[in-house]
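Notes for the structure review
Listed below are the residues making up each chain.
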Amino acid sequence: MLVIPPFRLHDLGQWFVQYEALRIDLKSLEPDLYRIVVVQNFWIEDTNPDLDACLAGIFLARRRRDGHWEVAENWPVECRSIACIGLLDLADPAQPRLVPATSC
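To start, this report covers the structure provided alongside it. In this text, all values refer to a predicted model and were calculated from it rather than measured experimentally.

What follows deals with the nonpolar core. Ranked by internal contacts, the top residues of the largest apolar core, which has 15 residues, are Leu-2, Ile-36, Ile-58, Leu-60 and Leu-88. Beyond its immediate sequence surroundings of up to four residues, Ile-36 is in contact with Leu-2, Ile-4, Ile-58, Phe-59, Leu-60, Ala-83, Cys-84, Ile-85, Gly-86, Leu-87, Leu-88 and Leu-98. Counting six residues, the second largest nonpolar core, distinct from the first, contains Val-37, Val-39, Phe-59 and Ala-61.

Structure representation (structure tokens):
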């Protein structure tokens, strides 16, 4: 289980906020290296009147066969990539490993 604590990220002149911890079950993922990407979440209605604050989510981007990283905008998930915050190494699913964001 990957647990992303609540966070607030400033980028593009806006705040991207996740108010609750996110829990991602890793059992269904293929062994590989994944980017942990903050995305603007368009799925959930944002009732906050502050237009400088947006709801955020997490997208796990897998490296494609051509060597490029997958991006959230390629999927019908209605979100926009904001920033890579780390790498998740699932080469050995029994021992998932987090790699610092400087490797993104």
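Read on, since the account is not over.
With that settled, the discussion passes to the pattern of salt bridges. Applying the stated criterion to the full structure yields four salt bridges. Salt-bridge contacts for Asp-25 lead to Lys-27; the nearest nitrogen and oxygen are separated by 3.9 Å. Overall, the relative accessible area of 73% leaves Lys-27 in the exposed class. Taking the shortest distance from any N to any O, the salt bridge between Arg-64 and Asp-66 comes out at 2.7 Å. Looking at Arg-64, the relative accessible area reads 33%, which means it is partly exposed.

Thresholds applied
Residues numbered from 1 in each chain as written. Predicted model: local features only at pLDDT ≥ 70, side-chain atom pairs only at ≥ 80, totals over all residues. Heavy atoms only, no water. Core = buried A, V, L, I, M, F, W, Y, C linked by side-chain atoms within 4.5 Å. Buried < 20%, exposed > 50% of the residue type's maximum accessible area, 1.4 Å probe, protein only. Contact = heavy atoms within 4.5 Å. Salt bridge = Lys/Arg side-chain N within 4 Å of Asp/Glu carboxyl O.

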